[in-house]
Amino acid sequence: MATLESQTIIDALEQQFPGKVVAVDHPYDFLTITIAHGSIKDVIRYLYNEPSFSFRFLTSCCGMHYPDAPQKFAMVYHLHSFTTNFRIRLKAFTNEDPPVFPTLTDIYKGANWMEREAYDFFGFRFTGHPDLRRILNMDSLEGWPLRKEFPLEDPFRKDKDDAMFGR
Amino acid sequence: MSENTKLHPNAPERAAVQEKEYTILNLGPTHPATHGIFQNILKMDGEIIVDSEPTIGYIHRAFEKLAERRPYYQITPITDRLNYCSSPINNMGWHMTVEKLIGVQLPKRVEYMRVIIMELARIADHIVCNAVIGVDSGALTGFVYLFQEREKIYEIYEEICGARLTTNIGRIGGFERNFNDAAWEKIDKFLKEFPGVLKEFENLLVRNRIFMDRTIGAGPISVEEALAYSFTGPNLRAAGLDYDVRVMTPYSSYEDFEFAIPVGTNGDTYDRFMVRQQEMWESLSIIRQAIEKLDKISDKTTFHADVPEFYLPPKEDVYNTMEGLIWHFKIVMGETDIPKGEVYHAVEGANGELGFYLVSDGGRNPYRLHFRRPCFIYYQAYADMIRGNMLSDAILTLSSLNVIAGELDA
């Protein structure tokens, strides 16, 4: 099995997409690269097609919400290259609301429901997605449940006040 | 029967059947043949499925949102309810995720004990899946026979953690208690008795002409499609790709074990059945190896790592020492310090790669927790897999994919 070094990927991406690699990090030995919002799909397509990388497996993708940060929304992609057994995490941040990301369904078929989940819970739009509907929640639900401002419990209930414990 | 034959002289005139008229058949949400809450609206041409429209989310419980309000140790019971046929794997996966975040190295003994429990859970899960494939193809005998053995696995869980289905087994940092003698006896008894039962179950089905005719070629998926759909676990391996998290990214000392990864070729129901069947034999061998390794470890009492910040002190310390009381209070109230950071940890669940993406902002709850649920990801291929097949094959395909509603809907 060929081995892959993090630095090889970082160098290749910086050479291929100058200025689009926003940040590089290694939290818990997991290569994490933040990509400029507009280039995320090109980067993933490059990582998919480049023979020495061939990240052919989309492990998961999910949304993130940071209400207090300058960039409020993010998509986090976990890719896995089976030929080199290397995992990579890619992030793309945006501040527009509703956030718009390109769909990955034409690269990975499995992205279909993952992106529907991100739409369902965060209200992310995916341009080019074939069937962007809610998936786990009911269609009539208002709001985006995993955004931080969405209340976990019925906000009108008064009997569950346990402010004593900081909740 | 011609179109205008009346079944009874008093029956109303039949409407003339139009050319290419499709029937819309509502399979589910609750249907005895789907073994869970799945709705599929099928467009049928006679017995052939032309198209299908799956609807999921009937038992969605918002685990990811719930997790944002719970301290770390209280998330374990949530993970029970993902794939409830093999809860211990989910529990262990979650413990390992948190242990990775706080940087705890477990003693080898605890890791081998975890391996035993996880492999027992894998066997229990595969028993459900394979026995149900038998039921759906018309063979109830194997189901009844094999489920007795699953009961024995549940009795082992019961000795260790007191629960059977939603186990909440183990703690962050190890196990809640050492395995008692009864648990070891039950594990030994299971290892002695189960191979005979499993062999007999195989004799019933593996070369059974009716079973083979029903399952070979039912709901096939090619390896390229399976990869594109992010399949993992036995379903991907049945299609022919030997991806197993236990080997690719070993956790809990799986690198110390010798075992084979069974791989299929056609990716059909029969291959999925056979891969799971073979995995049960491999799991048995892993458990035996783990017991051997445990015998070589002279220490017989360690059952957790030394992490006072996360592992509850024994009750006598809580009642008699100040430190014990303080730690107990801090852990129960979720007030211990957690590092900031993000981890992804994956375990080989019974259905494939079960991943936990945990983002911590240092607070008492996770900032965000995303479950990579194998069922949710591969069930989206179901519509493609059954297109052009018969309705009865669609039922078999569903049970051989082993879609568990709890994991699907989270």
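Quick notes on the rules
- Residues numbered from 1 in each chain as written.
- Chains lettered and ligands numbered in written order.
- Predicted model: local features only at pLDDT ≥ 70, side-chain atom pairs only at ≥ 80, totals over all residues.
- Heavy atoms only, no water.
- Helix = DSSP H or I, 4+ residues; strand = E, 2+ residues; numbered from the N terminus.
- Buried < 20%, exposed > 50% of the residue type's maximum accessible area, 1.4 Å probe, protein only.
- Contact = heavy atoms within 4.5 Å.
- Areas by Shrake-Rupley, 256 points an atom, 1.4 Å probe, with all protein chains shown as cover.
- Lys, Arg positive; Asp, Glu negative; His and termini not counted.
- Charge placed at Lys NZ, Arg CZ, Asp CG, Glu CD.
- Buried area = accessible area lost by both parts, 1.4 Å probe.
- Salt bridge = Lys/Arg side-chain N within 4 Å of Asp/Glu carboxyl O.
- Polar contact = N/O pair within 3.5 Å; in protein donor to acceptor, adjacent residues only side chain to side chain.
- Axes fitted to C-alpha atoms, helices over the stretch in contact; angles between N-to-C directions.
- Parallel < 35°, antiparallel > 145°, perpendicular 65-115°, else oblique.
- Left-handed = near helix turned anticlockwise from the far one by under 90°.
- Nonpolar A, V, L, I, M, F, W, Y, C, P; charged D, E, K, R; others polar.
- Patch = residues over 30% accessible without salt bridge, like charges linked within 9 Å, V, L, I, M, F, W, Y side chains within 5 Å.
- Pairing = 2+ DSSP bridges.
- 1 Å grid on protein atoms, 1.4 Å probe; cavity = no way out; pocket = protein on both sides within 12 Å on 5 of 7 lines; lining within 4 Å.
- Points joined across faces, edges and corners; volume = space filled by probe spheres on them.

Enquirer: Tell me about the overall build of chain A, and please be specific about residues and values.
Expert: Across its full length, chain A carries 3 helices and 7 strands. Walking chain A from its N terminus toward its C terminus, one meets helices and strands in the order α-β-β-α-β-β-β-β-α-β. Taken along its principal axes, the extent of the C-alpha atoms in chain A is 60 × 40 × 30 Å. Per-residue burial for chain A yields a buried fraction of 51% across its 167 residues. When contacts within chain A are restricted to residue pairs at least 6 apart in sequence, long-range pairs at least 24 apart make up 53% of them. If you sum the accessible surface of chain A, you get close to 8000 Å²; carbon and sulfur atoms cover 50% of it. Placing the 19 positive and 23 negative side-chain charges of chain A at their respective mean positions leaves the two points 3 Å apart.

Enquirer: Tell me about the interface of chain A and chain B, residues and numbers included.
Expert: With 47 residues of chain A in contact, the opposing surface of chain B contributes 48 residues. Carbon and sulfur atoms make up 60% of the surface buried where chain A meets chain B, a total of about 4000 Å² over both sides. Viewed at the interface, chain B and chain A are joined by 7 salt bridges. For R373 of chain B, the salt bridge is made with E117 of chain A, and the minimal N-O distance between the two is 3.2 Å. Summed over the shared surface of chain A and chain B, the result is 23 residue pairs in polar contact (both at pLDDT 80 or more).

Enquirer: Got a sec to walk through the packing of helix 1 (residues 6-16) of chain A against helix 2 (residues 40-49) of chain A? Specific residues and values, please.
Expert: For any two helices packed against each other, the geometry comes down to the angle between their axes and how far apart the axes lie. Residues and elements named next belong to chain A. Contact geometry of helix 1 with helix 2 gives a least axis separation of 11 Å together with a crossing angle of 125°. Classified by the interaxial angle, the pair formed by helix 1 and helix 2 is oblique. Note on packing geometry: the crossing formed by helix 1 with helix 2 is right-handed. In this structure, helix 1 uses I9, A12, L13 and Q16 to contact helix 2, whose residues at the interface are V43, Y46 and L47. Residue composition of the contact of helix 1 with helix 2, grouped by class: 6 nonpolar, 1 polar and no charged.

Enquirer: Which residues make up the side chain of S400 of chain B, and what are the values?
Expert: Summarising the element assignment, S400 of chain B is placed in helix 16 (residues 391-401). Owing to a relative accessible area of 0%, S400 of chain B belongs among the buried residues under this scheme.

Enquirer: Just give me the short version of a nonpolar patch on the surface, but keep the residues and values in it.
Expert: All names here are of chain B. Taken together, the side chains of Y73, L312 and V332 make up a nonpolar region of the molecular surface, amounting to roughly 210 Å² of accessible area. Assignment of secondary structure puts V332 in helix 13 (residues 322-332). Residue V332 is classed as partly exposed on the basis of its relative accessible area of 32%.

Enquirer: Report on the sheet that holds strand 4 (residues 341-349) of chain B, specifying residues and quantitative values.
Expert: Residues and elements named next belong to chain B. Ordered in space as 4-5-6, the 3 strands form an open sheet in which the pairing is antiparallel. Of all strands in the sheet, those bounded by a partner on one side alone are strand 4 and strand 6 (368-372). Mean inter-strand twist for the sheet, computed between neighbouring axes without regard to direction, equals 10°. As defined by bridge partners, strand 5 (residues 352-360) adjoins strand 6 across 5 bridges and the pair is classed as antiparallel. Note that in strand 6 the partner of Y357 across the bridge is H370. Contacts between helix 3 (residues 87-102) and the sheet are confined to strand 4, strand 5 and strand 6, with strand 4 contributing the most and set at about 150° to the helix.

Enquirer: Residue-level account of empty space enclosed by the protein, with values.
Expert: Residue and element names in this part refer to chain B. Summed over the entire model, instances satisfying the criterion amount to 4 cavities of 30 Å³ or more. Considering only enclosed or pocket space, the largest cavity measures out at about 100 Å³ in volume. As for the largest cavity, its lining consists of P71, Y72, Y73, I172, E309, F310, I331, G334, T336, I338 and R364. Grouping the amino acids of the lining of the largest cavity by side-chain chemistry returns 7 nonpolar, 2 polar and 2 charged.

Enquirer: Any details on the pairing of strand 1 (residues 21-25) of chain A? Residues and values, ideally.
Expert: Residues and elements named next belong to chain A. Pairing geometry for strand 1 and strand 2 (residues 32-35), over 4 bridges, is antiparallel. The partner of V24 across the bridge, within strand 2, is I33. Hairpin connection of strand 1 to strand 2: 6 residues between the antiparallel strands, including Y28 at a positive phi of 50°.

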